[in-house]
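Here is what each chain is made of, one letter per residue.
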Protein chains: 2
Amino acid sequence: MKIVNENILALEKHYRTNLVNSLTGFKSANLIGTISAEGKTNLAIFSSVIHVGANPLMMGFLMRPVSVERHTYTNIKETGYFTINHINKKIFKQAHQTSARYEKDISEFDACGLTPEYSETIKAPYVKESEIKIGLKFVEEQEIKANGTIFIVGEIVEIILPNDVVAKDGYVEIEKAGTIAISGLDNYHETKSIARLYYAKPSVDPKEI
Amino acid sequence: MKIVNENILALEKHYRTNLVNSLTGFKSANLIGTISAEGKTNLAIFSSVIHVGANPLMMGFLMRPVSVERHTYTNIKETGYFTINHINKKIFKQAHQTSARYEKDISEFDACGLTPEYSETIKAPYVKESEIKIGLKFVEEQEIKANGTIFIVGEIVEIILPNDVVAKDGYVEIEKAGTIAISGLDNYHETKSIARLYYAKPSVDPKEI
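The structure presented is a predicted model; accordingly, all values stated were derived computationally and were not measured. Per chain, residues are indexed from 1 in the order of the written sequence. For naming, the first written chain is A and the first written ligand is 1, with later ones following in the order written. The predicted nature of this model means local features are confined to residues of pLDDT at least 70 and side-chain atom pairs, given and counted, to a pLDDT of 80 or more, with totals for whole chains, interfaces and linings taken over all residues. Just so you know, side-chain values use all the structure's heavy atoms and leave hydrogens and water out.

A. Broad picture of the environment of Tyr-15 of chain B. For Tyr-15 of chain B, the location among the structural elements is in helix α2 (residues 13–21). For Tyr-15 of chain B, a relative accessible area of 25% puts it in the partly exposed group. In sequence terms Tyr-15 of chain B and Pro-206 of chain B are 191 residues apart; their C-alpha atoms lie 39 Å from each other. Any two residues whose heavy atoms approach within 4.5 Å at even a single point are treated as in contact. Discounting residues that sit within four places of it in the chain, Tyr-15 of chain B has contacts with Val-166, Ala-167, Lys-168, Asp-169 and Gly-170 of chain A. Segments assigned H or I by DSSP are reported as helices when at least four residues long, segments assigned E as strands when at least two residues long, and all are numbered from the N terminus. Throughout this description, buried means an accessible area under 20% of the type-specific maximum (1.4 Å probe, protein chains only), exposed means over 50%, and partly exposed covers the range between.

Spelled out as structure tokens, the structure:
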């Protein structure tokens, strides 16, 4: 089946949104924790977190246009900090619930049944129930001119994770930590590793680690 | 275990790269197909493809700095087109192999055993062995100043996918299409859906579809 641009745009809105959001393949499942200058916490689910660089240590995520108020954005700009918390199988329903449109004076931590947790270095709250947590300092934002979405970049200040999930070569066994994946807008998936492959070289066939 | 910025930067390079690339959670697994002005095809694996917008229809991906030659980048700028092709379980080894540093005159299609396929609309080659393929027109690029990586945005021109993977509400059953996920630099995962959840509303408990 082939569907062209004009015919996709002509589809009913929810159908189109479901379709287009499925096209990237599997997506990362994270909760982003922030706090306002007045100390009000906020928690929001994001499926757009990606790796930006290993030196300096950076991660980023895309957020929707700030033409309407985005608490995550406002809080990051006010305090300079945010946390990224992996969603695992035990908390995916609570995580999904953070996408409901709560008023600014309601914290998604309270409304969705998740627990804020603080470190000494990072102003923003972590999610206690998450196994892998990253604390970041805001670095820069780049606006996608075509639709006003904003790519936010942060520098990793600290990583909090269980001792037994880091392999000998530094790889983090996120599957063992219970981290899950998202597809489309609302499908949550557990995973099963097929194989790790050695660093690819032109003259060598791909080989399993 | 807590690891802070300075101690991560002090780690051996491969260990650090494995560690930091694991932190986003699961990543999308895609092959990006391009062609040069002279007609030489190129194929490269990317784990950074994300959804950008549903109106206009846009997807994007982050690529490493172009301080060294990046064939994908050069080809997109020369022709204005690229394709995104989901990696499935049958081709993950060939897909991984495209990350080897082949010379510009060698096409990864030939070197890795994948087949270029063309539509009438898109100049860039699709991957025949992929089940879900998206043809895009270059829209804009935004440089992340902190490390020179480039976020490339394209508008969806057409989608090619099997008839039987589109659910009634537009959601694409990418698990059924064999699409896999990546973690870290080199781990490939199949998935199993836990649940789809209804659109979240403040006063309603999360419910499975």
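Back to the write-up after that little detour.
B. Representation of α2 of chain B within the structure. Of all the positions in α2 of chain B, only Arg-16, Asn-18, Leu-19, Val-20 and Asn-21 of chain B are classed as buried. Whenever a nitrogen or oxygen atom comes within 3.5 Å of another N or O atom, the pair is scored as a polar contact, on the condition that within protein one atom can donate a hydrogen and the other can accept it, and that pairs from neighbouring residues in sequence are kept only if both atoms are in side chains. For α2 of chain B, the N-terminal cap is Glu-12 of chain B; the gap from its side-chain oxygen to the backbone nitrogen of His-14 of chain B is 3.1 Å.

C. Looking closely at the interface of chain B and chain A. Facing the 103 residues of chain B at the interface are 103 residues of chain A. Here's the idea: put two parts together, see how much 1.4 Å probe accessible area each one loses, and the total over both is what we call buried area. With both sides pooled, the region where chain B packs onto chain A buries about 9,300 Å², and carbon together with sulfur makes up 62% of that total. Each reported salt bridge corresponds to a side-chain nitrogen of Lys or Arg within 4 Å of a carboxyl oxygen of Asp or Glu. At the junction of chain B and chain A, the tally comes to eight salt bridges. One salt bridge connects Asp-186 of chain A with Arg-196 of chain B, and the closest N-O pair in it is separated by 2.8 Å. Taken together, the connections running from chain B to chain A amount to 60 residue pairs in polar contact (both at pLDDT 80 or more). Per element, the largest residue contribution to the side of chain B that touches chain A is ten residues, and it comes from strand β13 (residues 187–196) of chain B. Amino acids are sorted into nonpolar (Ala, Val, Leu, Ile, Met, Phe, Trp, Tyr, Cys and Pro), charged (Asp, Glu, Lys and Arg) and polar (every other residue, Gly among them). Across the side of chain B that touches chain A, the residue classes break down as 52 nonpolar, 30 polar and 21 charged. Pairing analysis gives nine bridges linking strand β13 (residues 187–196) of chain A to β13 of chain B, with the strands arranged antiparallel. Paired with Tyr-188 of chain A across the two strands is Ala-195 of chain B, which belongs to β13 of chain B. Pairing between strands is defined by DSSP: at least two bridges between them are needed.

D. Main features of the relation of the copies chain B and chain A. Here the copies were fitted onto each other by least squares, based on C-alpha atoms from residues at pLDDT of at least 70 in both. Overlay of chain B on chain A (RMSD 0.0 Å): rotation 180 degrees, translation along the axis 0.0 Å. When the rotation and shift are considered jointly, the pair of chain copies conforms to a two-fold rotation axis. In terms of proximity to the rotation axis, the leading residue of chain B is Thr-191 of chain B, whose C-alpha is 2.1 Å off the axis. Mapped onto chain A, 100% of the interface residues of chain B again fall at the interface, so both copies present the same surface.

E. Just the sheet that holds strand β12 (residues 181–183) of chain A, in detail. Taken in spatial order, the six strands make up an open sheet running β2(A)-β12(A)-β13(A)-β13(B)-β12(B)-β2(B), and their pairing is antiparallel. With one partner strand each, in any of the chains shown, β2 (27–28) of chain A together with β2 (27–28) of chain B form the two edges of the open sheet. Where β12 of chain A lies against β13 of chain A, three bridges are found, and the strand directions are antiparallel. Its bridge partner being in β13 of chain A, Ile-182 of chain A is matched across the sheet by Tyr-188 of chain A.

F. Spatial organisation of unusual backbone geometry. In this model, Asn-55 of chain A is joined to Pro-56 of chain A through a cis peptide bond whose omega is 0 degrees. Examined against the element boundaries, Pro-56 of chain A turns out to sit in the loop between β5 (50–54) and β6 (57–63).

G. Fine view of the packing of aromatic side chains. Residue and element names in this part refer to chain A. Ring pairs are drawn from Phe, Tyr and Trp, using the six-membered ring of Trp, whenever the two centres fall within 6.5 Å, and their geometry is named by plane angle: stacked under 30 degrees, edge-to-face over 60, tilted for the rest. Tallied over the entire structure, the rule returns seven aromatic pairs over all chains. Relative to Phe-82, the ring of Phe-61 lies with its centre 5.5 Å away and its plane at 65 degrees, an arrangement referred to as edge-to-face. One end of the pair, Phe-61, is in strand β6; the other, Phe-82, is in strand β7 (residues 81–86), with 21 residues separating them in the sequence. For Phe-61, a relative accessible area of 0% corresponds to the buried category. Accessibility expressed as a relative area gives 0% for Phe-82, which makes it buried. An aromatic cluster of three or more residues is present, and its members are Phe-46, Phe-61 and Phe-82.

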